[in-house]
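For reference, the chains in residue letters:
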Amino acid sequence: MSRPHEEVFGRSLEFGERPALILVDLMRAYFEPGAELYMGSRDCLGSAARVLAAARAAGTPVVHTRVAYGPGGVDGGLFFRKVAPLRHLVGDGPLGALMPEVAPAPDELVIVKQYASAFFGTALAAALTASRVDTLVICGVSTSGCVRATAVDAVQHGFVPIVVRQAVGDRDPGPHEASLFDIQAKYGEVWDEAAAVARLRL
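This brings us to the overall build of the chain. Along its length, the chain carries eight helices and six strands. Since a compact globule built from 202 residues should have a radius of gyration of about 17 Å, the 16 Å found for the chain is in line with a globular shape. With the C-alpha coordinates of the chain rotated into their principal frame, the extents come out at 45 × 45 × 30 Å. By residue count, 48% of the 202 residues in the chain fall in the buried class.

Set out below in structure tokens:
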């Protein structure tokens, strides 16, 4: 007989002393009606903007990510072949632009990535380590894709992942909720927006 899930996966990770905020792929592709990747809701964008404002007010480091590919997806490998809508992110087209509500400030790092995790094939881990970051607050899209992959890689790189529930989104509530459940159980913490904002303001 198996043990209850909450008994097996009941531990928590504490929010550290040196957080950073990462905004994952808050690009026009996910918020433009008619685009193949359109999620159908802007709710997470408003939440992410509020978390971003709190982080900036507190002087917390902020990182943005976006996806872009070389000609023909030459640097996208099998992921580019698997996910057809990624063809719209070749070069610097309009769907790859970050949304104005969360546009990067001049002194904020922007990571250009080709795969789901913000860590894979990028300088993110090195940049966070150089800033002595111990906790990564995560907002963005999509919950079951790039957010989940980034949270898993964060804990594998030694950063406590804090996923802000209202500030992440997906086109399907099933994978969204399942991913939040899985992250909370095995990889990090899922916090409500109000709690995350309050903690950043400390």
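What follows concerns the sheet that holds strand β6 (residues 189-191). A sheet is described by the order of its strands in space; here six strands give the open sequence β3-β2-β1-β4-β5-β6, paired in parallel fashion. The outermost strands of the open sheet, each flanked by one partner alone, are β3 (109-113) and β6. Neighbour-to-neighbour, the strand axes of this sheet turn through a mean angle of 25°, independent of strand direction. Pairing between strand β2 (residues 62-67) and β3: five bridges, direction parallel. Bridged to H64 within β3 is V110. Running over the sheet, helix α8 (residues 193-200) touches β1 (19-24), β4 (135-141), β5 (160-169) and β6 and is turned about 95° from β6.

Take unusual backbone geometry next. Here V141 and S142 are connected by a cis peptide whose omega angle stands at -20°. Inspection of the secondary structure puts S142 in the loop between β4 and α6 (143-156). Here D25, not a glycine, exhibits a phi torsion of approximately 55°, which is positive. Phi at R132 takes a positive value of approximately 60°, unusual for a residue other than glycine. Counting through the fold element by element, R132 comes out in the loop between α5 (124-130) and β4. A relative accessible area of 59% means that R132 is categorised as exposed.

Between its terminal C-alpha atoms helix α3 (residues 43-58) stretches 23 Å, which fits the 22 Å expected from 16 residues at 1.5 Å a residue. Inspection of α3 places C44, L45, S47, A48, V51, L52, A54 and A55 among the buried residues, and these make up the whole buried set. The secondary structure elements touched by the buried residues of α3 are β1, α2 (28-31), β2, β4, β5 and α8.

Moving on to helix α7 (residues 173-187). Counted at 1.5 Å a residue, the expected span for α7 with its 15 residues is 21 Å, and the 20 Å between its end C-alpha atoms agrees. Packing partners of the buried residues in α7 comprise α1 (5-8), α6, β5 and β6. Capping the start of α7, D172 holds a side-chain oxygen 2.8 Å from the backbone nitrogen of G174, two or three residues further along.

So, on to the pattern of salt bridges. This model, assessed by the stated rule, comprises 11 salt bridges. Notably, a salt bridge pairs R165 with D192, separated by 4.0 Å at the nearest N-O pair. Of this pair, R165 sits in strand β5 while D192 sits in the loop between β6 and α8, and the two are 27 residues apart along the sequence. On the accessibility criterion, R165 (32% relative accessible area) is partly exposed. K186 serves as the salt-bridge partner of D182, at 3.1 Å between the closest nitrogen and oxygen. Here the residue D182 and the residue K186 both occupy positions in helix α7, the gap between them amounting to four residues, near one helical turn.

Conventions used here
Residues numbered from 1 in each chain as written. Predicted model: local features only at pLDDT ≥ 70, side-chain atom pairs only at ≥ 80, totals over all residues. Heavy atoms only, no water. Helix = DSSP H or I, 4+ residues; strand = E, 2+ residues; numbered from the N terminus. Rg over C-alpha atoms; globule rule 2.2 N^0.38 Å. Buried < 20%, exposed > 50% of the residue type's maximum accessible area, 1.4 Å probe, protein only. Pairing = 2+ DSSP bridges. Axes fitted to C-alpha atoms, helices over the stretch in contact; angles between N-to-C directions. Contact = heavy atoms within 4.5 Å. Expected span 1.5 Å × (residues − 1). Polar contact = N/O pair within 3.5 Å; in protein donor to acceptor, adjacent residues only side chain to side chain. Salt bridge = Lys/Arg side-chain N within 4 Å of Asp/Glu carboxyl O.

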